Each structure stands twice: as structure tokens, then as C-alpha cells.
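Listed below, chain by chain, are the residues.
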Amino acid sequence: MKTPSKFPSSAYFGAALFVLFFFLTCFQAQGQVSSAPKDTSVLKKEKVKYVPYRIYIDASLENFLIAWIGLNLNAGVFLNRKCAVGLSLFAGGPISLGDSYGASCLGLHFSGYAIKDKPENLLLYYKLEAGRVLYYGWSPDAIEYESIQNDLKHSRPYYGRITAGLRFWCLNFYAALGNTGKLKTNYVDGYGQSRTHSFNLTHFTFGFGLTLPMHQSKKTSASQ
């Protein structure tokens, strides 16, 4: 009695190779047909679309030569890809060898964006900002005085700012023009006389800061 072989006969082995070759040939042909475009007149071009995150936070330092220094903080939400609203906190004042001024302000802002595809993640924007002066101060340098008190009742403690700038990735560069309403301070001079000092804080500054989170990009396909 013959012991059965552990390997298939040559006929079975040849048939198995033929079937394997047939299936491989069919799969390769099917893949080439499916990968070819059905209509050569329709081409798809990949387009980059930049979509901002819904919530953003800005933190910037600003100055103008040696005349002004300030801090600007913003937090807001995008209504769509090109419009946003939020809160702004601004604090600063002029730098000089004479009197010392300063103010802290809180307001609302509206921002409009122009999103550019090239260079990548470049956003041009403007911002309109308005609000109230929470605190202000004035300290004279050349006047002898006994006491100083801010006169909020007779002041116009509001402010407004216009900002134009650009954001690249998470970096923020801008120029801002702002002004406060008339602010009054009552003081008693060194002779015991009551006096009033009125002023407003006008500034033109350049700012640099960070925007978090940065804007994300989304690739889409467009037919042409």
C-alpha cells in the first residue's frame, strides 16, 4: 500500500498556479480601470480653505517709540469665517519725563477678516472697539499738591479704538488709533487751593502679540 504524498500532484499544482495568475491579472486590470477618470474633461483641483476656530484669545504689547506703552487683551467668538465679536481689555498710558497718565478700559469689539490663501494662514483684519474707562490716573510732576482725586461724576469715561493688522499663524501684528473722552481730576495744590485738571488720552501705537488658538486649514476639492 502506497503512502499518500504530502504534496499535490503536478497537475493540481499547475492548475492552482493558473487560477492564482488569473485572479491577480483580473484584480490588476480592475484597479487600472477604476483609477482612470471617467471623464477626462473634468479635472479636480485641490483648494485650501482656512477655517478659524470658534473661540480665540489675543494677548499683545504695544507702544509707539518711547511715547506710549500699553497692554491689549481680547477674547471672542467667530460668527462666521469673516466676522467675530468679543470683549477687549486695554490698559496703558504715555511715557514721558513729565506728568504721569494711565487708564484701564473694558469694551466690546467687532472684527472683520480677509482670509488669504497665499501665503498660508495669513489673515488681514480690522477691529472696531468701544467701551468704558474703568480707571484712570494723573500724577503731576512739576506741581506741588496735597491730594488728588478722580472726578468720575463730571468726566466722560468712554473710549474707542480702530485697529488694522495681520495675523500669521499664531503671531499678531497691528496698528491702533484710540482716544478717551474727557477725564477730570480734582486736586489741592501746595497752597491749599482746589483745582481741576482735564485731559483725554489719544494714542497711535504699534502692537505685537500672540493669538491662541491659531487658525486651522481645511483642504477641499473643486472641479474645473
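Conventions used here
- Residues numbered from 1 in each chain as written.
- Predicted model: local features only at pLDDT ≥ 70, side-chain atom pairs only at ≥ 80, totals over all residues.
- Heavy atoms only, no water.
- Helix = DSSP H or I, 4+ residues; strand = E, 2+ residues; numbered from the N terminus.
- Buried < 20%, exposed > 50% of the residue type's maximum accessible area, 1.4 Å probe, protein only.
- Contact = heavy atoms within 4.5 Å.
- Areas by Shrake-Rupley, 256 points an atom, 1.4 Å probe, with all protein chains shown as cover.
- 1 Å grid on protein atoms, 1.4 Å probe; cavity = no way out; pocket = protein on both sides within 12 Å on 5 of 7 lines; lining within 4 Å.
- Points joined across faces, edges and corners; volume = space filled by probe spheres on them.
- Nonpolar A, V, L, I, M, F, W, Y, C, P; charged D, E, K, R; others polar.
- Pairing = 2+ DSSP bridges.
- Phe/Tyr/Trp six-rings, centres within 6.5 Å; stacked < 30°, edge-to-face > 60°.

Asker: How would you summarise the overall build of the protein if you had to cite specific residues and measurements?
Answerer: When you go through the protein residue by residue, the secondary structure sums to one helix and 13 strands. In the protein, the succession of α and β elements from N to C terminus is α-β-β-β-β-β-β-β-β-β-β-β-β-β. Sorting the 224 residues of the protein into buried and exposed places 29% on the buried side. In the protein, the proportion of contacts linking residues at least 24 apart, taken out of those at least 6 apart, comes to 64%. Looking at the protein as shown, the accessible area adds up to about 15100 Å², and 65% of this sits on carbon and sulfur atoms.

Asker: Describe empty space enclosed by the protein, listing the residues and the values that go with them.
Answerer: Scanning the model with the defined rule gives two cavities of 30 Å³ or more in all. Quantified by volume, the largest cavity comes out at close to 70 Å³. Together, 13 residues line the largest cavity, and D58, N74, Y125, K127 and R167 are the ones closest to its centre. Mapped by element, the contributors of at least two residues to the lining of the largest cavity are β2 (55-64), β3 (68-78), β5 (100-116), β6 (122-139), β8 (158-168) and β9 (171-180). Broken down by element, the residue count for the lining of the largest cavity peaks at three residues, all from β5. Among the residues forming the lining of the largest cavity, the class breakdown is four nonpolar, six polar and three charged.

Asker: Go over the pairing of strand β4 (residues 83-94), please, and point to the residues and values.
Answerer: Pairing between β3 and β4: 11 bridges, direction antiparallel. Within the sheet, the bridge partner assigned to A75 lies in β4 and is L87. Counted along the chain from β3 to the antiparallel partner β4, the turn is four residues long.

Asker: Explain the pairing of strand β12 (residues 202-212) to me, and be specific about the residues and the numbers.
Answerer: One face of the sheet, then the other: side chains in a regular strand alternate in exactly this way. Looking at chain direction, β2 and β12 are connected through seven bridges and run antiparallel. Paired with I57 across the bridge in β12 is L212. Where β9 meets β12, nine bridges bridge the pair, whose relative direction is antiparallel. By the bridge assignment for β12, Y174 is matched with G207.

Asker: Quick rundown of the packing of aromatic side chains? Include the residues and the values.
Answerer: Throughout the structure, instances matching the rule amount to 13 aromatic pairs. Centre to centre, the rings of F64 and F206 are 6.2 Å apart; their planes meet at 25 degrees, and the pair counts as stacked. Taken together, the positions of F64 in strand β2 and F206 in strand β12 put the pair 142 residues apart, joining distant regions of the chain. Looking at F64, the relative accessible area reads 30%, which means it is partly exposed. What makes F206 partly exposed here is its relative accessible area of 44%. Every member of this aromatic cluster is reached through a ring pair, and the members are Y56, F78, Y113 and Y125.

None of this, on its own, says anything about what the molecule does.
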